[in-house]
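Notes for the structure review
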Amino acid sequence: MASIPNPSLEDGLAALNQRNYPVAIAHLEGVCETELDESLVTRASRELVTAYRRNGNAEKAIALCQRLTQHDDPQVRQWAASTLTDLTVENPVTSSSPASEVAGFVPLDGQPANQAASDSTGFVALGKSPSKPQTPLKRIFSKNRPQSPGTTQPASANPKTQTPSQTRVADTPRTPVEPTTDNSSSRLPATYSAPSTPHPSLFTPRPRWRNGGRAKDWRPLKAPKLIRLWLVEIVTAIALFWVLHFFVQLAMQTTNAVLVQLPFLEPIQLFYRDPTPTLLIFLAILLIASPWLLDWLLKQFHSFEPLSLAQLASRSPESAQVVQRFCRQHKLPVPKLGILPTDVPVALAYGNLPWTARIVVSEGLLLQLADDEMATIYAEQLGHIAHWDITLMSLGVLLLQIPHTIYWQVAQWGEQLPELIGRKWASYPRFLSPILVGMSGVIASLSYGIYWLLRLPLLWFSRARLYYSDRLAVETTGNPNGMTRALLKMGLGIADDIQTNGATSGLIESFDLLLPVGYRQALTLGSCSPQTSFEAMLNWDCTNFYRDWLIVSASHPLLGERMHLLARYAHFWKIGTELDLPPLAPPIRDNAAQLSKLSNSYKALPLLQSAVFFGLLLGLGLRLVLWTIGQIGDRFNIWQVIWMHNASPFLNACILIAFSLSIFLWINRYFPDIKPSTTRSQPNLADLFANPTTLPPDSQPVQVTGKLLGRRGLLNWLGQDLILQTSTGLVKLYFWSYLGPLGNLLPTPTRPSDAIERQVTVNGWFRRGATPWIDIETLRTEGGSSAQANYPLWLTILAFIAAVWGAYLIWQA
């Protein structure tokens, strides 16, 4: 490829006018190699002839003119013939050069990649492959070239008239086209080669696709107001810094407190200083280095490889067109492209500036999505770059990699440590093995807890930015139905990967905030089958009255709401929709019917999914009210209430007592007794998921049998990755000991992770929030072993301790 990183036709013309022919040739050759718009390629080719001619390279000029004499446009042919005559007269002894030597051109030896498998809808026929490998860039001047967005015809919405390749796109992945390694394409270094065999279908009972059409000539959507996104980003940045500051200060104070108690050691004086300046410098360094650090992490742990625009064009022509057209329209450089050789469908966009942005996709995504669907995913990632939301999100995800990588590596090392020590030190005391494993498990679990807490301030921003990128992707491609299919297929593909590998991969968990579809959302889609439609599974997302409260603790917006917005874009352009979703539930209004719902909305708060968080929220709210009253009294000299904003022990006691009372009042309703008469045995999970009125406090005792999936050993000491695979779908499981999450760190005879990959029977309480889950009471294997959870007992002990502590603080005050 040309030596210019971002070749530009405008820069090439400017250099040509300034008689800087080497620079002009470099830019124009680069445009001929990478540009997918044939009109721009033609113009660049004509100017390249002039540049060659003036630079004294008549051989290349003649060869390029010979190619242009075969162009479709008669005016171009006429110009090329006239110029070729002049060049021949000027250089009578120069023989014509082979067309393959002209930079940016490859001899015509077949049709463009995937052309034979394309139809008018933009889909790629599956199961078809070219008779011979194709060169990544086919610069042929003919009418047989990939259609640009907006020129394709919409697909028929009638399933009876659809071809098998249209109705089961996800079942039979597209056969990738491999770049050739002949001399004509040697200028394109093949750092990545696509596999020659198609990706197998992992999830057999696929739903059929309607394959709704796309817009031809679409009106632009009303420009969104980005002020809300910017405000959310500012609030998120402040919250993230506050949480980091809290953790750093807590670690410094705890370290010095321990050092003071130990003999022969002294506290670290630097730890008594304010960490704010140091923390700001550290964050600035991470922000500047974030693109390269994330590149290194993806390469080190997930085999990241570069992907050139030419290679993308051979795999997904429309995606390459979208990337070039979008960057040209928004005056952005083409981002660095990459690929991950994994079956799980993922797409990531990161960088600190649009000029350092990267877009990374997986091999599984390229294989499981059709060409037009793939283009919408690239357009969505470009939307993140255009909105500049990659800056904060890249920094946040990079910060999350620190505790998550520690958790993952320490857990793996802890499993291998006794064996490694035993090889080098055969006589070492055997009692050290469980101690070393236990220490590794504690460190790994604490690191995972820090990772989970650091995610919290990023969740709001993670949800908000996807609405804007979805909109820009649809407006760029005119294909809301392709976007709908792409998101649904990504969810199904992630569910396939979890079922195939038997656990949630570290990639989709650690980079969850960058994914278009969250991995927990995918578990719900994994319950879809030909008997359960997407509309039924997404009904809750559209019609549940409390969904806006329940989404607060989720990393991604509700898929049903996103699908509904995509359908609205389709209606705006007067095309059919991929899904027929119900109207979104209206917001609360001032009428009697809605006021009754508002009065009960407290029970739907996502923090109320757990009595622990509910009590903390109520106590913090009470403390804030009393503190505010004290501040008002201080300002207006009301001496009776001034004491409230200075009485910290009393205010803290209010938090503890409110927390304790809320648990005692609510626990029986949240955890009703599991009796045979009230327990649903082996329910259809899809039916439970689709119920649009279910809320977390609506406890449904269930007994479900299936295969337990999840990570093994120290990677799952906290029970953070427990998934039950049943005949009707996947569901997340939560397990709590009698000492809560800390109790999971203590030595126990049995752990839920011991039953991974085994058939188990789970008794517990089914709950439906933004994602469904089951709180475990008992987990039994076929062999008779069982693990007993004690979530109610743990909450009762916690409430008693809080009440005693609060009473002590009041007595001290």
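Cut-offs and rules
- Residues numbered from 1 in each chain as written.
- Predicted model: local features only at pLDDT ≥ 70, side-chain atom pairs only at ≥ 80, totals over all residues.
- Heavy atoms only, no water.
- Helix = DSSP H or I, 4+ residues; strand = E, 2+ residues; numbered from the N terminus.
- Polar contact = N/O pair within 3.5 Å; in protein donor to acceptor, adjacent residues only side chain to side chain.
- Salt bridge = Lys/Arg side-chain N within 4 Å of Asp/Glu carboxyl O.
- Buried < 20%, exposed > 50% of the residue type's maximum accessible area, 1.4 Å probe, protein only.
- 1 Å grid on protein atoms, 1.4 Å probe; cavity = no way out; pocket = protein on both sides within 12 Å on 5 of 7 lines; lining within 4 Å.
- Points joined across faces, edges and corners; volume = space filled by probe spheres on them.
- Nonpolar A, V, L, I, M, F, W, Y, C, P; charged D, E, K, R; others polar.
- Pairing = 2+ DSSP bridges.
- Contact = heavy atoms within 4.5 Å.
- Axes fitted to C-alpha atoms, helices over the stretch in contact; angles between N-to-C directions.
- Parallel < 35°, antiparallel > 145°, perpendicular 65-115°, else oblique.
- Left-handed = near helix turned anticlockwise from the far one by under 90°.
- Core = buried A, V, L, I, M, F, W, Y, C linked by side-chain atoms within 4.5 Å.

1. Observations concerning the side chain of E373
- Mapped onto the elements, E373 comes out in helix α12 (residues 371–386).
- Separated by 3.0 Å, the side chains of E373 and K489 make a polar contact.

2. Re the pattern of salt bridges
- Within the structure shown, the criterion is met by 19 salt bridges.
- As a salt-bridge pair, R53 and E90 come within 2.5 Å of each other at their nearest N and O atoms. Within this pair, whereas R53 is found in helix α3 (residues 38–54), its partner E90 is found in helix α5 (residues 74–90), the two being separated by 37 residues in sequence.
- Here R53 falls in the partly exposed class, since its relative accessible area comes to 33%.
- On the accessibility criterion, E90 (45% relative accessible area) is partly exposed.
- In this structure, R711 and D721 form a salt bridge, with 3.9 Å as the shortest nitrogen-oxygen distance. Here D721 lies in the loop between β6 (700–710) and β7 (722–726) and R711 lies in the loop between β6 and β7, a separation of ten residues in the sequence.
- A residue is classified by how much of its surface remains accessible, and R711, at 3% relative accessible area, is buried.
- Accessibility expressed as a relative area gives 3% for D721, which makes it buried.
- What you see here is one network of salt bridges that share partners, running through D372, E373, R485, K489 and E578.

3. Considerations on empty space enclosed by the protein
- This structure, assessed with the given rule, holds eight cavities of 30 Å³ or more.
- Looking at the largest cavity, the residues that line it are Q521, T524, L525, M537, L538, D541, L558, L559, R768, A770 and T771.
- Ranked by residues supplied to the lining of the largest cavity, first place goes to helix α18 (residues 519–525) with three residues.
- Within the lining of the largest cavity, the residues separate by chemical class into six nonpolar, three polar and two charged.
- By volume, the second largest cavity amounts to about 80 Å³.
- Forming the boundary of the second largest cavity are R520, L523, T524, F689, L730, V731, K732, Y734, T771, P772 and W773.
- Broken down by secondary-structure element, the contributors of at least two residues to the lining of the second largest cavity are α18, β8 (729–734) and β10 (772–781).

4. Things to note about the sheet that holds strand β2 (residues 336–340)
- The mixed open sheet is built from four strands, whose spatial order is β1-β2-β4-β3. Either end of the sheet is taken by a strand with one partner, and the two such strands are β1 (305–306) and β3 (347–350).
- Most of the contacts of α12 go to strand β4 (residues 358–362), to which it runs at about 150 degrees, and overall it touches β2, β3 and β4.

5. Examining the packing of helix α2 (residues 21–34) against α3
- Packing of α2 against α3 leaves a shortest axis separation of 9 Å and a crossing angle of 150 degrees. When the axes of α2 and α3 are compared, the pair comes out roughly antiparallel. Where α2 crosses over α3, the two elements pack in a sense that is left-handed. Residues Y21, I25, L28, E29, V31 and C32 of α2 lie in contact with α3, whose contacting residues are L40, V41, A44, S45, E47, L48, A51, Y52 and R54.
- Grouping the amino acids of the contact of α2 with α3 by side-chain chemistry returns eleven nonpolar, one polar and three charged.

6. With respect to the nonpolar core
- If you look at the biggest cluster of nonpolar residues, it comprises 77 residues, and the most contacted ones within it are L312, Y378, M563 and L733.
- A total of seven residues in this core trace back to one element, the largest contributor, which is α12.
- Non-local contacts of L312, meaning those with residues more than four positions away in its chain, are made with L307, P317, S319, A320, V323, L337, L366 and Y378.

In short, shape yes, function no, at least from these values alone.
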